[in-house]
Amino acid sequence: MKNPAQSPSPGPHRGSRRRTRVLGTLLFLLSSACGGADTGEPDSGVPDSGVPDAGGPDVPVCPNSADNGVCLTKARLTYLDLRYDLSKPVFVNNRVPIRFGVTSASLDPASPATRNVAVSFSFIEANPANPAEPIECASSAMDVALVGDGREQLFEGFIWPTSLCGALVDKTVNLRVTFDGDEPDTGIDSPAVTFSEAARGAELNQACRGVADASAPDPRRGCVYTIDLEPTPSEGSHSLIDVRYEAMEPASSVALLPYAAPGVPEAKLAPSLVVQSTLVVNGRDPYISGLAPEEVPPELEANAPGITGDLQFGQDPAQLGALTAMPGRATLRYELAPEGAGDGWLPLTVGAEDSETGRVGEVVVEQLQPGTANTFAHELFAEGGTRAALGEGGAWAGVSNFTVRGCFTADFAQAGNAGEEDTSDCHVIPVVLVRETPATSAATSIGFNQAFTRKLGNPDRMSIGVGLLTRNTLDRTGAASRIEGEVELEGKLGRPYSVTIARAVGQATLGVEPGTTGYELTVDAFNQRIHSFSQSAPNLEHEEAFSAAKSFAFPNLGFGFGPVRIGFKISLGGEVGLTTNDSLFVSTDPERCGELLQSGDALGMCGAISRTITPGFNFTASIEGGIDIRIVKAAVVADLDLVNTDFPLTASLAFGQRDNGNLVVLGNANWELGMQLIRGDVSIVGRVGIRRFSRTLRVHLFSFSSRRFSQTLLDRSMDFAQVLE
């Protein structure tokens with residue numbers, strides 16, 4: 001997706017440079033500590049960064065004694081590119097993609113410091129009537145981790161000219177950058193720079209180039225961008241929105257046409273592909289989306305009296321959904337066609353909880369949060385005529401390379417920015433189709449094996465991945481059954497974070513030879529072993545229902561809110577469980593062996609594994625943080641489910657040994673899955689400013705939506721015993 005960890009969410013606007021600096025004075029309180037964080041993309045090939053080496057009599061000492069002589073001293077914007085065709089207008093409340101580079105230095109070049117710095121971009125009047133107070137409005141600061149090693153770091157994101165930028169309509173507009181709100185006492189030499197034609201030749205302006213290659217014949221020094229800012233498009237008295245289909249990403253480049261055993265309905269088959277579709281809404285103020293009174297943190301109301309009412313933005317609490325609702329019917333639809341065909345698309349259905357069949361032909365999009373990427377996970381199925389075309393004897397039976405297309409359609413008028421490279425309402429991805437065939441057994445072994453992986457979310461903010469596996473084998477050494485599953489969380493919010501939330505493993509091995517039988521269970525939570533059981537005996541039974549509640553936290557994360565960095569921590573909590581009812585036995589009773597293998601052969605010894613084992617993970621996330629200083633009051637509001645899954649395995653594996661040493665085997669395995677991954681919204685709400693300049697904001701960090709689904713991962717039975725060679 002195009003929305004990385006350093007992407008700016010919208011932020012407050014300032015009507016003048018004087019007010020900008022009033023807001024910036026608070027940053028020293030927030031940004032003075034050094035710490036580890038994401039370093040962006042270093043580029044050592046920048047010959048002239050405009051950032052002198054640290055050292056010399058003019059270099060300040062570290063302002064914070066806790067820095068122990070390791071601190072950032074200088075920072076410059078050395079690269080700025082608007083990834084937008086400026087021959088086309090920019091509309092109010094429509095985002096503009098940017099890419100920029102920052103080069104910084106440390107007090108001691110041999111020991112470079114890392115520090116999170118708030119970088120803000122604003123739209124500013126190029127030829128102000130009052131040069132002392134030009135009209136200006138800005139997006140939220142980006143919380144970026146700078147490494148003071150003299151190398152340029154690259155970041156991408158978006159800036160938004162929101163509703164208060166209306167005062168700049170019909171004026172020549174340039175850009176301005178500030179570090180930590182242009183506060184002079186942060187200990188970093190990082191002055192604000194206005195990239196205007198009048199200031200192009202200034203030293204600070206010349207430090208910035210407009211092309212990625214610093215050695216280009218014309219690096220476009222000065223970074224002057226002239227923007228035609230126009231009002232949000234409207235139709236009559238109503239402003240128009242423009243929903244952008246930001247991205248469609250597959251969970252795999254391989255699509256599957258599942259094998260359907262006789263009598264198995266299509267509704268029981270696995271999906272052919274899982275995709276994530278990301279939508280962004282332009283044309284609405286990215287700060288305005290209501291919050292129900294009961295969801296406003298009480299401490300925020302205490303610190304900023306009246307903010308509960310302000311966060312309803314003039315709506316009745318029961319009607320807050322109108323602020324984010326689509327103005328008409330809007331849908332996502334998916335199709336499939338051979339690569340290069342150009343037409344002849346056939347539909348793919350989408351998994352749905354609230355459908356009688358569990359499938360729908362299109363997904364209705366009812367709400368979109370402004371100012372952030374809205375991500376939806378969809379399971380796609382090849383059914384009906386599409387499955388017939390792909391199957392044996394079908395029109396596409398011999399085709400392996402396909403294209404999947406997703407399209408957003410709406411029955412209402414849309415209008416917005418046209419200067420981005422891709423403004424299409426459709427996305428296409430190539431996939432290779434693999435047709436599943438009936439399982440076959442090798443002469444020396446039989447296996448009932450299956451794996452399942454899924455990863456959802458935005459790795460540049462927050463994503464969760466699940467990996468599940470079962471292996472059930474019968475071979476000349478005996479029988480073995482294994483199940484394992486783990487769930488991992490990762491992302492970037494000011495700095496990278498990752499953890500394995502939970503892992504569970506159950507292994508049972510029953511060998512033909514004495515002493516080769518073993519049984520083991522392990523359960524881990526947050527990379528620590530919390531439960532284990534092991535036993536080695538030719539005959540054993542184990543029945544247990546284990547569960548444990550565990551928690552974990554990521555501190556020192558952050559996100560931009562206005563000109564400041566709001567610090568917070570993510571706290572994970574939930575339960576990991578493992579329920580077992582397993583039996584392993586060996587017998588030398590010929591009658592019992594015959595019954596077990598359903599065989600009339602003379603069997604001098606036999607053994608069997610019979611098990612029902614159910615691992616389960618159920619975890620949520622809470623995000624705590626905020627700020628309470630004179631002109632900024634803010635708190636984090638989070639409603640986020642991370643994972644709710646169980647994957648029970650039932651297996652029966654039996655072997656019997658003939659007098660000649662050959663093995664007769666019989667088995668079956670059934671593996672079911674119920675799962676819901678990341679779902680919910682996270683935002684920062686608060687008030688920025690003083691008296692008539694204050695504004696209530698809701699800045700979205702992310703919004704994810706995925707459904708709970710059930711799926712048979714494995715269901716295989718041997719109809720009769722088979723002799724292994």
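Just above sits the structure.
Presented here is an overview of the structure given in this document. For every chain, the first residue of the written sequence is number 1, and numbering continues from 1 onward in sequence order. Given that this is a predicted model, residues contribute local features only at a pLDDT of at least 70 and side-chain atom pairs are listed and counted only at 80 or more, while totals for whole chains, interfaces and linings are drawn from all residues. The side-chain figures draw on all heavy atoms in the structure; neither hydrogens nor water molecules are used.

**Some words on the overall build of the chain**
Here is step 1: Helix and strand assignments come from DSSP, with helices taken as H or I runs of at least 4 residues and strands as E runs of at least 2, each series counted from the N terminus. What the chain contains, in helices and strands, is 7 helices and 38 strands.
Here is step 2: Contacts were defined at the residue level, with two residues in contact if any of their heavy atoms lie within 4.5 Å. Put simply, 75% of the contacts in the chain that link residues at least 6 apart link residues at least 24 apart.
Here is step 3: Using a 1.4 Å probe, accessible areas were evaluated by the Shrake-Rupley method; residue-level cover was limited to the displayed protein chains. Total accessible area on the chain is roughly 29,000 Å²; 47% of this is exposed by carbon and sulfur atoms.

**Observations regarding the nonpolar core**
Here is step 1: Among the buried residues, those of types Ala, Val, Leu, Ile, Met, Phe, Trp, Tyr and Cys that are joined through side-chain atoms within 4.5 Å form a nonpolar core. Here's how the labels work: a residue is buried when its accessible area is under 20% of the maximum for its type, exposed when over 50%, partly exposed in between, all with a 1.4 Å probe on protein chains only. If you look at the biggest cluster of nonpolar residues, it comprises 94 residues, and the most contacted ones within it are Met 462, Leu 489, Ile 501, Phe 561, Ile 570, Leu 572 and Leu 642.
Here is step 2: Counting residues per element, this core draws most heavily on strand 35 (residues 663-688), which supplies 13 residues.
Here is step 3: Once residues within four sequence positions are removed from consideration, Leu 572 is found in contact with Leu 489, Val 499, Ile 501, Phe 526, Lys 550, Ser 551, Phe 552, Phe 554, Thr 620, Ala 621 and Leu 642.
Here is step 4: Leu 77, Val 96, Val 119 and Leu 229 belong to the second-largest nonpolar core, a separate cluster that totals 37 residues.

**What about the packing of aromatic side chains?**
Here is step 1: In this analysis, rings of Phe, Tyr and Trp, with Trp reduced to its six-membered ring, are considered paired at centre separations within 6.5 Å, and the interplanar angle assigns stacked below 30 degrees, edge-to-face beyond 60, and tilted for intermediate values. Overall, the coordinates contain 11 aromatic pairs when judged by the stated rule.
Here is step 2: Taking the centre distance of 6.5 Å and the plane angle of 40° together, the rings of Phe 452 and Phe 709 count as tilted. Separated by 257 residues along the polypeptide, Phe 452 in strand 24 (residues 445-458) and Phe 709 in strand 37 (residues 709-717) bring together distant segments of the chain. Here Phe 452 matches Phe 709 in class, with each residue buried.
Here is step 3: Centre to centre, the rings of Phe 526 and Phe 619 are 5.7 Å apart; their planes meet at 85°, and the pair counts as edge-to-face. Of the two residues, Phe 526 is situated in the loop between strand 28 (518-525) and strand 29 (528-535) and Phe 619 in strand 32 (residues 603-629); the sequence distance between them amounts to 93 residues.
Here is step 4: The structure contains a cluster of three or more aromatic residues connected by ring pairs, namely Tyr 497, Phe 526, Phe 552, Phe 554 and Phe 619.
Here is step 5: Whether a charge lies above a ring is judged from NZ of Lys or CZ of Arg, which has to be within 6 Å of the ring centre and within 35 degrees of the ring normal. One cation-aromatic arrangement involves Arg 95 over Phe 158; the distance from NZ or CZ to the ring centre is 3.7 Å.
Here is step 6: Sitting over the face of the ring of Phe 381, Arg 359 holds its NZ or CZ atom 3.5 Å from the ring centroid.

**Notes on helix 7 (residues 590-597)**
Here is step 1: By the burial criterion, the buried members of helix 7 are Cys 593, Gly 594 and Leu 597. Buried residues in helix 7, looked at end-on, bunch into an arc of 100°, giving them a common side. Along helix 7, the residues that are exposed and aim more than 90 degrees away from the buried face are Glu 591 and Glu 595.
Here is step 2: Definition of a polar contact: a pair of N or O atoms within 3.5 Å, with one able to donate and the other able to accept a hydrogen when the atoms are protein atoms, and with sequence-neighbouring residues admitted only if both atoms are side-chain atoms. Two to three positions downstream of the cap, the backbone nitrogen of Glu 591 sits 3.0 Å from a side-chain oxygen, assigning the N-cap of helix 7 to Asp 589.
Here is step 3: Following helix 7 by one or two positions, Gln 598 adopts a phi angle in the positive range, close to 50°. Summarising the geometry, the arc corresponds to the directions from the helix axis toward the C-beta atoms.

**Concerning the pairing of strand 9 (residues 172-179)**
Here is step 1: In terms of burial, strand 9 is a largely internal element, 7 of the 8 residues being buried.
Here is step 2: As defined by bridge partners, strand 9 adjoins strand 11 (residues 227-230) across 2 bridges and the pair is classed as antiparallel. Bridging from a neighbouring strand, Thr 172 pairs with Asp 228 of strand 11.
Here is step 3: Criterion used throughout: strands pair if DSSP finds at least two bridges between them. Across 3 bridges, strand 9 lies against strand 10 (residues 193-195) in antiparallel orientation. Among the inter-strand pairings, Leu 175 is bridged to a residue of strand 10, identified as Phe 195.

**What about the state of the cysteines?**
Here is step 1: Only a pair of cysteine sulfur atoms within 2.5 Å qualifies as a disulfide here. Scanning the model with the defined rule gives 4 disulfides in all.
Here is step 2: There is a disulfide in this structure between Cys 407 and Cys 426, and the S-S distance comes to 2.0 Å. Classification of the bridge connecting Cys 407 and Cys 426 rests on its S-S torsion, roughly 115°, and on that basis the disulfide is right-handed. Here Cys 426 lies in strand 23 (residues 426-435) and Cys 407 lies in strand 22 (residues 401-410), a separation of 19 residues in the sequence.
Here is step 3: Under the relative-accessibility criterion, Cys 426 is labelled partly exposed at 27%.
Here is step 4: Note on cysteine connectivity: Cys 593 is disulfide-linked to Cys 606, with sulfurs 2.1 Å apart. An S-S torsion of about -80° defines the bridge between Cys 593 and Cys 606 as left-handed. Taken together, the positions of Cys 593 in helix 7 and Cys 606 in strand 32 put the pair 13 residues apart, joining distant regions of the chain.

**Considerations on the sheet that holds strand 28**
Here is step 1: Taken together, the 6 strands give an open sheet; going across it, the order is 24-25-26-27-28-29, and neighbouring strands pair in antiparallel fashion. Edge positions in the open sheet fall to strand 24 and strand 29, since each of these has one partner strand only. Each neighbouring strand pair of the sheet contributes to a mean axis angle of 5°, computed without reference to strand direction. For helices, the axis comes from a line fit to the C-alpha atoms of the stretch in contact; other axes are also lines fit to C-alpha atoms, and the angle between any two N-to-C directions lies between 0 and 180 degrees.

**Here we look at the environment of Cys 71**
Here is step 1: Mapped onto the secondary structure, Cys 71 falls in the loop between strand 1 (41-43) and strand 2 (72-82).
Here is step 2: Between the C-alpha atom of Cys 71 and that of Leu 107, which follows or precedes it by 36 residues, the distance is 5.9 Å.

**So, the pattern of salt bridges**
Here is step 1: Note on definitions: salt bridges are taken to be side-chain nitrogens of Lys or Arg within 4 Å of carboxyl oxygens of Asp or Glu. Applying the stated rule across the entire model yields 28 salt bridges.
Here is step 2: As a salt-bridge pair, Glu 246 and Arg 95 come within 2.2 Å of each other at their nearest N and O atoms. In this pair, Glu 246 is assigned in strand 14 (residues 242-250) and Arg 95 in the loop between strand 3 (90-91) and strand 4 (96-106), connecting sequence segments 151 residues apart. In terms of burial, Glu 246 and Arg 95 fall into one category: buried.
Here is step 3: Of the charged contacts in the structure, one is a salt bridge between Asp 310 and Arg 687, with a shortest N-O distance of 2.7 Å.

**Some thoughts on the environment of Ala 267**
Here is step 1: Structurally, Ala 267 can be placed in the loop between strand 15 (254-257) and strand 16 (273-282).
Here is step 2: By relative accessible area, which is 45% here, Ala 267 ends up partly exposed.
Here is step 3: Distance from Ala 267 to Gly 358, taken between C-alpha atoms, is 7.3 Å for residues 91 residues apart in sequence.
Here is step 4: Ignoring anything within four residues of it in the chain, the contact list for Ala 267 reads Thr 357, Arg 359 and Glu 383.

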